[in-house]
Amino acid sequence: MSDALKQGAMQIVRRLCEAGFEAYLVGGCVRDEQLGRPVKDYDIATSAHPDQVQRLFERTVPTGLQHGTVTVVIGKKPYEVTTFRREGGYEAFRRPTEVEYIDSLTEDLQRRDFTMNAMAIDQNGHLIDPFDGLKDLERGVLRCVGQAEERFGEDALRMMRCLRFASAYGLMVEQATWDALNSGISLLRHIAMERIRAELERMLGGSDPNRALELLADSRALRHVKQELLLSKLDKETEWPPLSRLTEMEHRLAFIYIRLGADPAGVEEDMIKLTFSRQQMETVKRIVAAHTVLVSGLDESPELNGEPYLRRIWIAAALNYGVSALRTLREIYLLEDAPIWTDNVKVSRAVDVWRKLGCVWLEQMPVSALAELAVGGKELMGHLGVKGGPWTGRLLHRLLESAALGELRNDKETLLAAAQEHYDKMQENDE
Ligand code: ATP
Ligand code: MG
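Attention here is on the structure that accompanies the text. Not measured: the values here are computed from a predicted model.

### What about the site of ligand 1?
Step number 1: Neighbouring ligand 1 are 16 residues; Arg31, Asn117, Asp155, Arg158 and Arg202 lie closest to it.
Step number 2: Contact between ligand 1 and Gly28: an oxygen atom at 3.2 Å from a main-chain N or O atom of the residue.
Step number 3: Within the side chain of Arg31, one N or O atom sits 2.8 Å away from an oxygen atom of ligand 1.
Step number 4: Against a free-state accessible area of 580 Å², the protein chains account for coverage of 79% of ligand 1.
Step number 5: Listed by contribution, the elements that provide at least two residues to the shell around ligand 1 are helix H2 (28-34) and helix H7 (157-168).
Step number 6: Residue contributions to the shell around ligand 1 peak at 4 residues, all from H7.
Step number 7: In the shell around ligand 1, the residues fall into 1 nonpolar, 3 polar and 12 charged.
Step number 8: The residue makeup of the shell around ligand 1 includes at least three contributed by each of domain 1 (1-132) and domain 2 (140-238).

The structure is reproduced here in structure tokens:
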């Protein structure tokens, strides 16, 4: 599979060379190949100008002509072919103001961010590595090409990339690069939140989220982004259990927010600022909301905190926020032997019970959503001979809760009888 991907790339490189141009594989694909990691996409750098590339290949798409990129399609696979270039001044600490086409591969490699990203492979498969990227990789070091301070000043996004590469590839940031990152970190205010989010997502979703948290805390990066975030509270003192035990990035994020003491509204605001998708935000928010409701439910009824009560509110939360949110919440509770985020004994005990029994309780639920209930709203109103109103919704929800708890059988007769009883009682009370 990835072999075919590489063959397509080499085909492009050879074709360009046959036509008298220089062409190489460059960037991330070279790095990942050297590390024996799977390669997502192969990028090609060439001395040919975009119009020359377009003329040489049958199927091309002008995806980024303003910076010299043409997409060449081989088979069904797209490859980015970019003309060697030098970047002029930089604007707003992010975009080069002008790009100038050049003839020199070395100079093209020189504009790249880190030594491990500044290597190339020629048409014969030979490595070209003017900045000792391979040596750095072997030593496990992430280092800027050239003067780190200058490089981060040109494009502040490189600092987020630095944190991401260090955590995702398990690298130490070389001292001068790290010093420059720390002194330049406030430039992150120039970077669009969307770019910050994209890096953050890859850091937290990557193979070592704990390292990501450590680097974010050490660099205080999130305190310096455009908008104020709850996540900026991440600090060096916080200890974290192994977050990689949670498989989804969203679940890791939910734990982080819980650990920082965020409430659901705060989570929503933070994630919108970071331009996460609506769906991602909902997933995280549901987990945090379920947790918040469960824990605050305890304070109001201290004398009732026995297992039956803990089961009741657990199942009620599952109905409100979804069974999968509660499953995840249990996984979150299992991360630590005892919750470090609270010193409230009542809360620790409840969490302990939910860790042990939460999953069984969820599995035993005979119904978990209104759609599964043996009666619907219309039928209920028909049976009681009333028009619908907000209370019919509430009544349905009560029936659902009782059925989910196993107090009522989920069949039509039982539910309608219970509804009738409830309705009669309500009428009496009204009189
Ligand atoms: P990945 O695709 O896994 O994020 P990558 O290194 O391929 O890693 P890309 O964003 O695809 O990253 O960029 C391709 C190459 O372009 C990089 O390897 C690097 O050489 C160069 N590059 C990308 N972004 C920058 C930047 N902000 N500053 C300098 N060079 C960059
Ligand atoms: Mg890439």
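### Here's the deal with helix H18 (residues 390-405)
Step number 1: Taking 1.5 Å per residue, 16 residues should reach 22 Å; H18 reaches 23 Å between its end C-alpha atoms and fits that length.
Step number 2: The secondary structure elements touched by the buried residues of H18 are helix H14 (307-321), helix H17 (377-384) and helix H19 (412-430).
Step number 3: Within two residues after H18, Gly406 carries a phi angle of roughly 85°, on the positive side.

### What about the side chain of Asp270?
Step number 1: Tracing the chain through its elements places Asp270 in helix H12 (residues 264-273).
Step number 2: Within the buried core, Asp270 has no salt-bridge partner, and the shortest N-O distance to an opposite charge, that of Lys273, equals 4.9 Å.
Step number 3: In terms of polar contacts, Asp270 uses its side chain to reach the side chain of Tyr257, at 2.8 Å.
Step number 4: Sequence-distant contacts of Asp270, that is, excluding residues within four places in its chain, are made with Glu228, Leu229, Leu230, Leu231 and Tyr257.

### Considerations on the side chain of Arg151
Step number 1: Along the polypeptide, Arg151 turns up in helix H6 (residues 148-154).
Step number 2: In this structure the side chain of Arg151 is engaged in a polar contact, spanning 2.9 Å, whose partner is the side chain of Glu154.

### Considerations on the state of the cysteines
Step number 1: Scanning the entire structure with this criterion turns up 0 disulfides.
Step number 2: With no disulfide of its own, Cys29 has Cys17 as its nearest cysteine by sulfur position, at a separation of 15 Å.
Step number 3: Between Cys144, a cysteine without a disulfide, and Cys162, which holds the nearest cysteine sulfur, the sulfur-to-sulfur distance is 6.4 Å.

### Re the pairing of strand S2 (residues 43-46)
Along any regular strand, the residues point their side chains to alternate faces of the sheet.
Step number 1: Of the strand pairs in this sheet, strand S1 (residues 23-26) and S2 are connected by 4 bridges, and their pairing is antiparallel. Bridge assignment links Tyr24 to a residue of S2, and that residue is Ala45.
Step number 2: As judged from the 4 bridges shared by S2 and strand S5 (residues 77-83), these two strands associate in the parallel manner. Along S5, the bridge assignment pairs Ile44 with Val81.

### A closer look at unusual backbone geometry
Step number 1: Residue Asp132 is not a glycine yet carries a positive backbone phi of 60°.
Step number 2: By secondary structure assignment, the location of Asp132 is in the loop between strand S11 (127-128) and helix H5 (133-139).
Step number 3: Taking the relative accessible area as the measure of exposure, Asp132 reaches 36% and is therefore partly exposed.
Step number 4: Of note in this structure, Thr275 is not a glycine but carries a positive phi near 60°.
Step number 5: Its place among the elements puts Thr275 in the loop between H12 and helix H13 (278-300).
Step number 6: Here Thr275 falls in the partly exposed class, since its relative accessible area comes to 32%.

### Some points on the nonpolar core
General note: in soluble globular proteins, nonpolar side chains tend to be found buried as a group.
Step number 1: Within the largest apolar cluster, 133 residues are counted, with the highest numbers of intra-cluster contacts made by Leu16, Leu25, Leu231 and Trp354.
Step number 2: Once residues within four sequence positions are removed from consideration, Leu25 is found in contact with Lys6, Ala9, Met10, Val13, Val30, Tyr42, Asp43, Ile44, Met119, Ala120 and Ile121.
Step number 3: In terms of nonpolar packing, the next biggest core, distinct from the first, is built from 11 residues, Val26, Phe84, Ala118 and Val145 among them.

Parameters at a glance
Residues numbered from 1 in each chain as written. Chains lettered and ligands numbered in written order. Predicted model: local features only at pLDDT ≥ 70, side-chain atom pairs only at ≥ 80, totals over all residues. Heavy atoms only, no water. Near = heavy atom within 4 Å. Polar contact = N/O pair within 3.5 Å; in protein donor to acceptor, adjacent residues only side chain to side chain. Areas by Shrake-Rupley, 256 points an atom, 1.4 Å probe, with all protein chains shown as cover. Helix = DSSP H or I, 4+ residues; strand = E, 2+ residues; numbered from the N terminus. Nonpolar A, V, L, I, M, F, W, Y, C, P; charged D, E, K, R; others polar. Domains from an automatic or database assignment. Expected span 1.5 Å × (residues − 1). Contact = heavy atoms within 4.5 Å. Buried < 20%, exposed > 50% of the residue type's maximum accessible area, 1.4 Å probe, protein only. Lys, Arg positive; Asp, Glu negative; His and termini not counted. Salt bridge = Lys/Arg side-chain N within 4 Å of Asp/Glu carboxyl O. Disulfide = S-S within 2.5 Å. Pairing = 2+ DSSP bridges. Core = buried A, V, L, I, M, F, W, Y, C linked by side-chain atoms within 4.5 Å.

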